[in-house]
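Single-letter residue listing:
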Amino acid sequence: MGPVELPAWLQPRYRKNAYLFIYYLIQFCGHSWIFTNMTVRFFSFGKDSMVDTFYAIGLVMRLCQSISLLELLHIYVGIESDHLLPRFLQLTERIIILFVVITSQEEVQEKYVVCVLFIFWNVLDMVRYTYSMLSVIGISYAVLTWLSQTLWMPIYPLCVLAEAFAIYQSLPYFESFGTYSTKLPFDLSIYFPYVLKMYLMMLFIGSLFTGLALLWT
């Protein structure tokens, strides 16, 4: 008697595609909610909606960006085809900007640059996750494919400038307090003004390298 063939839904390839589809769907729903919320708030309240963008969508944005760290594991184990280093640099930029620069300083959360930065991140992620989600199930649209491959070229440099401006605006607040507390069970505080200035320079170097790597691939 020959080997028994597993049902399609039990085969490893099916399980991998099902997992990736669910992951991309969750991210798509999260970023779609963010985009819809920001759009409705802007048409309802105008420029005033930009001031409290973080208070309205900050929790969902932090959740989506935290979940996106799974993509490093996806690439490492081989279930997602991408280059690890460029993706690591992109995620590192966002995590540092979102959790260290913005979340830790309430004064920065009210700046217009937060709204602009969230728009750039959200537009890129909505296109990327939509394209990836449909690709897993074998659906392809020429316009969506073109957007996923070219949209990042004009927007990514703008993201870097917005991230750098967010760091620049946060420096006076970090300098006034002097340290950044991790709020962990053990007391660990870091003197951040110099660290952020150094990171500001590394951000441009890392972004240049990431952009070249993405163009090369």
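Scoring rules and cut-offs
- Residues numbered from 1 in each chain as written.
- Predicted model: local features only at pLDDT ≥ 70, side-chain atom pairs only at ≥ 80, totals over all residues.
- Heavy atoms only, no water.
- Helix = DSSP H or I, 4+ residues; strand = E, 2+ residues; numbered from the N terminus.
- Expected span 1.5 Å × (residues − 1).
- Buried < 20%, exposed > 50% of the residue type's maximum accessible area, 1.4 Å probe, protein only.
- Polar contact = N/O pair within 3.5 Å; in protein donor to acceptor, adjacent residues only side chain to side chain.
- Contact = heavy atoms within 4.5 Å.
- UniProt positions renumbered as here; feature names shortened; annotations may be inferred.
- Arc of directions from axis to C-beta.
- Patch = residues over 30% accessible without salt bridge, like charges linked within 9 Å, V, L, I, M, F, W, Y side chains within 5 Å.
- Areas by Shrake-Rupley, 256 points an atom, 1.4 Å probe, with all protein chains shown as cover.
- Salt bridge = Lys/Arg side-chain N within 4 Å of Asp/Glu carboxyl O.
- Axes fitted to C-alpha atoms, helices over the stretch in contact; angles between N-to-C directions.
- Parallel < 35°, antiparallel > 145°, perpendicular 65-115°, else oblique.
- Left-handed = near helix turned anticlockwise from the far one by under 90°.
- Phe/Tyr/Trp six-rings, centres within 6.5 Å; stacked < 30°, edge-to-face > 60°.

**Student:** Is there a simple way to explain helix α5 (residues 84-102) in this structure?
**Tutor:** Since the α-helix packs 3.6 residues into each turn, any two residues three or four apart lie on the same face. Between its first and last C-alpha, α5 extends 26 Å over 19 residues, near the 27 Å set by a 1.5 Å rise per residue. Within α5, burial applies to Pro86, Arg87, Gln90, Leu91, Glu93, Arg94, Ile97, Leu98, Val100, Val101 and Ile102.

**Student:** Sorry, what's going on with the side chain of Arg41 here?
**Tutor:** Within the secondary structure, Arg41 is located in helix α1 (residues 12-45). At 2.4 Å, the side chain of Arg41 forms a polar contact with the side chain of Asp52. Apart from the residues lying within four places of it in its own chain, the contact partners of Arg41 are Gly46, Ser49, Asp52, Thr53 and Ala56.

**Student:** I keep staring at the UniProt feature "transmembrane region" (unreviewed entry) in the protein and nothing clicks. Help me out?
**Tutor:** With numbering matched to this structure, UniProt assigns "transmembrane region" (unreviewed entry) to residues 20-43, 129-148, 155-174 and 194-216. A distance of 34 Å separates the end C-alpha atoms of residues 20-43, which is 100% helix and 0% strand. Span residues 155-174 is 100% helix and 0% strand, its end C-alpha atoms 28 Å apart.

**Student:** Got a minute to help me understand helix α4 (residues 70-77) in this structure?
**Tutor:** Along α4, the positions that sit buried rather than exposed are Glu71, Leu72, His74 and Ile75. Projected onto a plane normal to the axis of α4, the buried residues spread over an arc of 160° and lie on a single side. Positive phi appears at Gly78, one or two residues downstream of α4, with a value of about 95°.

**Student:** I tried to follow a nonpolar patch on the surface on my own but got confused; where do I start?
**Tutor:** Taken together, the side chains of Tyr19, Leu70, Leu73, Tyr76, Val77 and Leu84 present a nonpolar region at the surface, about 600 Å² in accessible area. The leading source of residues in the nonpolar patch is α4, at four residues. Mapping Leu70 onto the fold places it in helix α4.

**Student:** Looking at this structure, how should I read the packing of helix α3 (residues 53-67) against helix α7 (residues 112-136)?
**Tutor:** Between two packed helices, the angle of one axis relative to the other and the distance separating the axes together describe the packing. Where α3 meets α7, the axes come as close as 11 Å, and the angle between the chain directions of the two elements is 40°. Taken together, the axes of α3 and α7 lie oblique to each other. α7 is crossed by α3, and the crossing has left-handed handedness. The residues of α7 that touch α3, namely those facing Thr53, Phe54, Ile57, Met61 and Gln65, are Val114, Cys115, Phe118, Trp121 and Asp125.

**Student:** Help me understand the pattern of salt bridges in this model?
**Tutor:** Charged atoms that come close allow side chains of opposite charge to pair. Here the structure, examined in full by the defined rule, presents five salt bridges. The salt bridge partner of Glu71 is Arg128, with a shortest N-O separation of 3.3 Å. Of this pair, Glu71 sits in helix α4 while Arg128 is found in helix α7, placing the two residues 57 residues apart along the sequence. Accessibility expressed as a relative area gives 0% for Glu71, which makes it buried. Arg128 gets classed as partly exposed once you look at its relative accessible area, which sits at 23%. The partner of Asp125 in a salt bridge is Arg128, and the shortest N-O contact between them spans 3.4 Å. Of this pair, Asp125 and Arg128 both sit in helix α7, separated by three residues, roughly a single helical turn. With a relative accessible area of 2%, Asp125 lands in the buried category. A single salt-bridge network, built from bridges that share partners, covers Glu71, Arg87, Arg94, Asp125 and Arg128.

**Student:** Would you mind going over the packing of aromatic side chains with me for this structure?
**Tutor:** The relative placement of two aromatic rings is captured by the distance of their centres and the angle of their planes. Taken as a whole, this structure holds seven aromatic pairs when the rule is applied. Measuring from ring centre to ring centre gives 6.2 Å for Tyr24 and Tyr129, while their planes differ by 40°; the resulting arrangement is tilted. Of this pair, Tyr24 sits in helix α1 while Tyr129 sits in helix α7, and the two are 105 residues apart along the sequence. Owing to a relative accessible area of 4%, Tyr24 belongs among the buried residues under this scheme.

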